[in-house]
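So the chains spell out like this:
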Amino acid sequence: MDDKERQTMRDHIVYLANQLELTRLANQQQMVFIKRILDPEDLGHAVSNECRQIAYTLLINSSHQERDSWQHQDNP
């Protein structure tokens, strides 16, 4: 591999790392918002039971997906 290829690989790695960080931050903000919707002392008083149920389902599904991704990393 020559220097140009190495630099291209580094550029791609930096770009992907930045995109991963942006996605992580967006997911974190979404989880904070969903938790606020579920909390009756915060935003939860302003939303219907149906909205809270959907938020709860999204939160549970997200944690199941995260757990499954970690389990699959441990067992290739």
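These numbers come from a predicted model, not from an experiment.

Colleague: Can you break down the overall build of the protein chain residue by residue, with the values?
Modeller: When its secondary structure is counted, the protein chain shows two helices and zero strands. For the protein chain, the C-alpha radius of gyration of 19 Å lies well beyond 11 Å, the compact-globule estimate for 76 residues. Projected onto its principal axes, the C-alpha positions of the protein chain cover 60 × 30 × 15 Å. When burial is assessed residue by residue, the protein chain has 7% of its 76 residues classed as buried. Entry remark: accessible area of the protein chain is about 6,800 Å², with carbon and sulfur atoms responsible for 56%. Charged side chains in the protein chain number 8 positive and 12 negative. The centres of these two groups are separated by 2 Å.

Colleague: Could you give an account of a nonpolar patch on the surface, with specific residues and numbers?
Modeller: On the surface, a nonpolar cluster with roughly 350 Å² of combined accessible area is contributed by Met 1, Met 9 and Ile 13. For Ile 13, the position within the fold is in helix H1 (residues 3-38). For Ile 13, a relative accessible area of 55% translates into the label exposed.

Colleague: Outline the environment of Gln 28, supporting the account with residue identities and numerical values.
Modeller: As for its placement among the helices and strands, Gln 28 is situated in helix H1. The class of Gln 28 is partly exposed, set by a relative accessible area of 43%.

Colleague: Provide a residue-level description of the environment of Glu 50, including the pertinent values.
Modeller: Along the chain, Glu 50 turns up in helix H2 (residues 49-74). The class for Glu 50 is exposed, based on a relative accessible area of 55%. Residues Glu 50 and Asp 3, 47 residues apart in the sequence, show an inter-C-alpha distance of 57 Å.

Colleague: Go over the layout of surface pockets, please, and point to the residues and values.
Modeller: Rolling a probe over the atoms, with the probe sized like a water molecule, indicates the empty space that remains. Put simply, the largest pocket is a space of about 160 Å³. Considering the residues around the largest pocket, the lining is formed by Leu 20, Thr 23, Arg 24, Asn 27, Gln 28, Gln 30, Met 31 and Ser 62. Sorting elements by how many residues they give to the lining of the largest pocket places H1 first, with seven residues. A class-by-class count of the residues in the lining of the largest pocket yields two nonpolar, five polar and one charged.

Colleague: Any chance you could break down the pattern of salt bridges for me, citing the residues and the numbers?
Modeller: Enumeration according to the criterion identifies three salt bridges in this entry. As a salt-bridge pair, Asp 3 and Arg 6 come within 3.3 Å of each other at their nearest N and O atoms. On the criterion of helical spacing, the pair formed by Asp 3 and Arg 6 is a turn pair, its members being three residues apart in helix H1. For Asp 3, a relative accessible area of 61% translates into the label exposed.

Parameters at a glance
Each chain has its residues counted from 1, following the order in which its sequence is written. At least 70 in pLDDT is required for a residue's local features to be given in this predicted model, at least 80 for side-chain atom pairs to be given and counted, and no such filter applies to totals for whole chains, interfaces and linings, which use all residues. As a rule here, side-chain values cover all heavy atoms of the structure and leave hydrogens and water aside. Labels follow the DSSP assignment, with helices taken as runs of H or I lasting at least four residues and strands as runs of E lasting at least two, numbered in each case from the N terminus. We compute the radius of gyration from the C-alpha atoms alone; for a globule the expected value is 2.2 Å times N to the 0.38, where N is the number of residues. Each residue's exposure class comes from its accessible area (1.4 Å probe, protein chains only) as a fraction of the maximum for that residue type: buried when under 20%, exposed when over 50%, partly exposed otherwise. Reported accessibility uses the Shrake-Rupley method at a 1.4 Å probe radius. Residues are deemed covered only where the shown protein chains occlude them. The convention is simple: Lys and Arg are positive, Asp and Glu are negative, and His and the chain ends are not counted. By convention, the charge on Lys lies at NZ, on Arg at CZ, on Asp at CG and on Glu at CD. Like charges within 9 Å and nonpolar side chains (Val, Leu, Ile, Met, Phe, Trp, Tyr) within 5 Å are joined into patches, using only residues over 30% in relative accessible area that form no salt bridge. Counted as salt bridges are all cases of a side-chain nitrogen of Lys or Arg within 4 Å of a carboxyl oxygen of Asp or Glu. Computed over the protein atoms alone on a 1 Å grid, cavities are sets of points where a 1.4 Å probe fits but cannot get out and pockets are open sets with protein on both sides within 12 Å along at least five of seven lines; a residue lines them when it has an atom within 4 Å of a point. Grid points are joined across faces, edges and corners, and a volume is the space filled by probe spheres set on the points. Residues are grouped as follows: Ala, Val, Leu, Ile, Met, Phe, Trp, Tyr, Cys and Pro are nonpolar; Asp, Glu, Lys and Arg are charged; all remaining types, including Gly, are polar.

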